[in-house]
Amino acid sequence: MPKRRIRTVLLAAAGTAAVAAAAATAVVAHAASTGCSVSYTVRSQWGTGFSANVAVTNVGDPVRGWTVRWSYPAGQTVTQAWGATVSQSGTAVTANSASWNGTLRTNRTASFGFNGTWNGSGNPTPTDFSLNGVLCTGQVAATTAPPSPSSSPSASLSPSPSSSPSPSPSSPTPSASSSDGCARQAAAGPVVKVTDVNVGVPVTGYGREGDTEPLPMAIAATPSGGSWLAWRGTDNRVYLGKLDCDDKLVGTPTSFEGIDLQDVQADANGGVLLLTRRGECGEGPLCGGSSSPCNTMHMIRFDNSGQQVWERQVTNLSDSLSGYDNGARFIWWYQHHGRLASDGKTFAAYFGVAITVQNGNCVDIHEGDRMQVVDANGTLVSNHRDSFQVGCSHSWTSRIAWDPRTSRYAMVCATDNACRIAQPNPYRTVAAGACDGTLFGGDLVLASKPGYWTAWSQGGQVRLEHFTTGASDTTITTAARSSHPHLVSYGASRMLLTWESGSSMAAQVYDASSGTTVGSQFTINVPDHSYQAFKPYADGSTAYPAAGTTNTSIRIARVMPLT
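Residues numbered from 1 in each chain as written. Predicted model: local features only at pLDDT ≥ 70, side-chain atom pairs only at ≥ 80, totals over all residues. Heavy atoms only, no water.

Novice: Please clarify how the packing of aromatic side chains should be interpreted in this entry.
Specialist: Given two aromatic rings, their pairing is described by the distance between the two centres and the angle made by the two planes. As enumerated under the stated definition, the model contains 15 aromatic pairs in all. Here tryptophan 66 and phenylalanine 112 contribute two aromatic rings whose centre-to-centre distance is 5.8 Å and whose plane-to-plane angle is 20°, an arrangement assigned as stacked. With tryptophan 66 in the loop between β5 (63-64) and β6 (67-71) and phenylalanine 112 in strand β11 (residues 109-117), this residue pair connects regions lying 46 residues apart in the sequence. There is no split in this pair, since tryptophan 66 and phenylalanine 112 are both buried. Between the NZ or CZ atom of arginine 405 and the centre of the ring of tyrosine 452, over which it lies, the distance is 6.0 Å. Over the ring of tryptophan 456 we find arginine 463, and its NZ or CZ is 5.1 Å from the ring centre. (Phe/Tyr/Trp six-rings, centres within 6.5 Å; stacked < 30°, edge-to-face > 60°. Helix = DSSP H or I, 4+ residues; strand = E, 2+ residues; numbered from the N terminus. Buried < 20%, exposed > 50% of the residue type's maximum accessible area, 1.4 Å probe, protein only. Lys NZ or Arg CZ within 6 Å of the ring centre and 35° of its normal.)

Novice: Any chance you could explain the pairing of strand β18 (residues 227-232) here in plain terms?
Specialist: Side-chain positions along a regular strand alternate between the two faces of the sheet. The buried fraction of β18 is high, at six of six residues. Here β18 shows a buried face lined by Ser227, Leu229 and Trp231 and a second buried face lined by Trp228, Ala230 and Arg232. When strand β17 (residues 217-221) meets β18, the two strands line up antiparallel, connected through five bridges. Within the sheet, the bridge partner assigned to alanine 218 lies in β18 and is alanine 230. Following β17, the chain reverses through five residues before pairing antiparallel with β18; glycine 225 in that reversal takes a positive phi of roughly 105°. (Pairing = 2+ DSSP bridges.)

Novice: Explain the environment of arginine 208 here, please?
Specialist: Within the secondary structure, arginine 208 sits in the loop between β16 (192-198) and β17. Of note is the side chain of arginine 208, whose polar atom sits 2.6 Å from the side chain of glutamate 213. (Polar contact = N/O pair within 3.5 Å; in protein donor to acceptor, adjacent residues only side chain to side chain.)

Novice: What is the right way to look at the nonpolar core in this model?
Specialist: If you look at soluble globular proteins, the nonpolar side chains tend to sit buried side by side. Core analysis: the largest hydrophobic core is formed by 29 residues, its most contacted members being Leu229, Trp231, Leu496, Ile524, Ile554 and Ile556. Breaking this core down by element, the ones donating at least two residues are β17, β18, β19 (237-243), β39 (504-511), β40 (517-524), β42 (542-547) and β43 (553-559). By residue number, the principal contributor to this core is β43, which donates four residues. Each residue touching isoleucine 554, except ones within four places of it in the same chain, is listed here: Thr195, Asp196, Val197, Val199, Val203, Met217, Leu229, Trp231, Pro545, Ala546 and Gly548. In terms of nonpolar packing, the next biggest core, distinct from the first, is built from 25 residues, Tyr40, Val42, Tyr72 and Ala84 among them. (Core = buried A, V, L, I, M, F, W, Y, C linked by side-chain atoms within 4.5 Å. Contact = heavy atoms within 4.5 Å.)

Novice: Looking at this model, I keep getting lost on the environment of aspartate 511. Mind explaining?
Specialist: Considering the arrangement of structural elements, one finds aspartate 511 in strand β39. For aspartate 511, a relative accessible area of 24% corresponds to the partly exposed category. Measuring from C-alpha to C-alpha, the distance between aspartate 511 and alanine 492 comes to 9.9 Å, with 19 residues separating the pair along the chain. A polar contact is formed between the side chain of aspartate 511 and the backbone nitrogen of serine 513, at a distance of 2.7 Å.

Novice: Explain the pattern of salt bridges to me, please; I cannot follow it from the model alone.
Specialist: Side-chain pairing between opposite charges can occur once the charged atoms of the two side chains come close. Going through the model one piece at a time under the given rule, you end up with 11 salt bridges. Notably, a salt bridge pairs aspartate 539 with arginine 184, separated by 2.8 Å at the nearest N-O pair. With a gap of 355 residues between them, aspartate 539 in the loop between β41 (535-536) and β42 and arginine 184 in the loop between β15 (148-149) and β16 connect regions that are remote in the sequence. The same class applies to aspartate 539 and to arginine 184, which are both buried. Notably, a salt bridge pairs arginine 408 with aspartate 386, separated by 2.6 Å at the nearest N-O pair. Highlighted residues: arginine 408 in strand β30 (residues 408-415) and aspartate 386 in the loop between β28 (362-375) and β29 (395-403), separated in sequence by 22 residues. For arginine 408, a relative accessible area of 31% puts it in the partly exposed group. Classification of aspartate 386 by relative accessible area gives buried; the value is 5%. Among the ionic contacts, a cluster of salt bridges with common partners joins Arg339, Arg399 and Asp443. (Salt bridge = Lys/Arg side-chain N within 4 Å of Asp/Glu carboxyl O.)

Structural data, given as structure tokens:
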């Protein structure tokens, strides 16, 4: 049966606020504004079963801990839920927030999903959704918090100048963790927390960790402070699971067709996966050699229950254009890794790509990189000023970041075109290297002053380069000896450099303005992967997915925030 989508904005009346005052003792009520709208979607339906998603948007003041209630009009029952704790008594259903999504700021949306049963003849949409006891009308209603008696014997609705105002949902007490809902403890020096997550299905191992090998796992920070964890299974599927503030798996993972995983990016409505699928090479003929396979790269948009919303191919193969046809852009065995970035409205993918060029009666296959931008509806953004068909030639370690200061996507690559670290489209050298097979790029982060920092390695020596729109203006030769450094933003004014050190990782904090070291080196006790990435979190922590203790687990290494 086809999916049906029902958008519900309820029109029932909301309650009003009241303020009471006694003759002898003042009673002060702190008013808060509450309001919500709800989208209820039946994603699939079969026999007497169905799967649904509820997305509640808070249009009032921020809330910490939410409860959504509704009644089923035709005897439907909830049998299994994810993203919330759901219970049912008769026709009344109650969904309570999980530990990782309880903070719901103004105009933010929380989603959860569930499976249920129906009578097979009618599955009508509920019409009485409420958020924390207030009916969802799409409008804001004033509510009254529990009154607190004043010690003053005279009635007054205005606090005295010496009074300390009580924190309210509209004016939360500032804290290091208030921005994302996770109360992760900050410390004076780096503290590493490692959590082994049993994901319940076999996970692809690290393998040889070459730049032509598949990537096993990736992680992304959600605005609420939790994570989306993606990993490559052993069954040609890419899996996706949600982690709470303690890096524990919540609910049941979902999966998508995919032979390789590239990256995952998250936002308030879910996120986007970048993955590879099998394609067709066609007839050719090739002028020489073999480039097979001819695969495709896709963005998969998912919602807060991990279900697909849309997909968009960012290569260009189709029923009428195969890999060996002139003008094709596809993914082959050679350098093909990619990364995602987002400006909050669009998603950008920057990745290695194979390029098919007609040469007389045959075709040659070249390698470069490609950047494509997709809007919130899954449509390619034509002629976006930062996108391109081909950027760096023979590129690897393609890295991308959104810069809100310039409203541009910034990128760097490693390329054998003059063997350098460069910005693509047009070529601009960031750092000159040598053509000796030991040149590798790292990651790209925003500096706390104008410009960017990127990590790279030549001959096993890790360097940091600061640049804006061209050549590096600052080079830091670090104490790290590695071919594959990782660099990530670490709070508002620092960055974290990590690299392989035996069976673990070594790490060093740097100032994101001057590039000077902060504190001493420390150890992260998980195995490094040459091409996986740390990701930054709004609370100032960073996280890295690493091989687990079993073939069905993944270790999350989290470097906790600094004070």
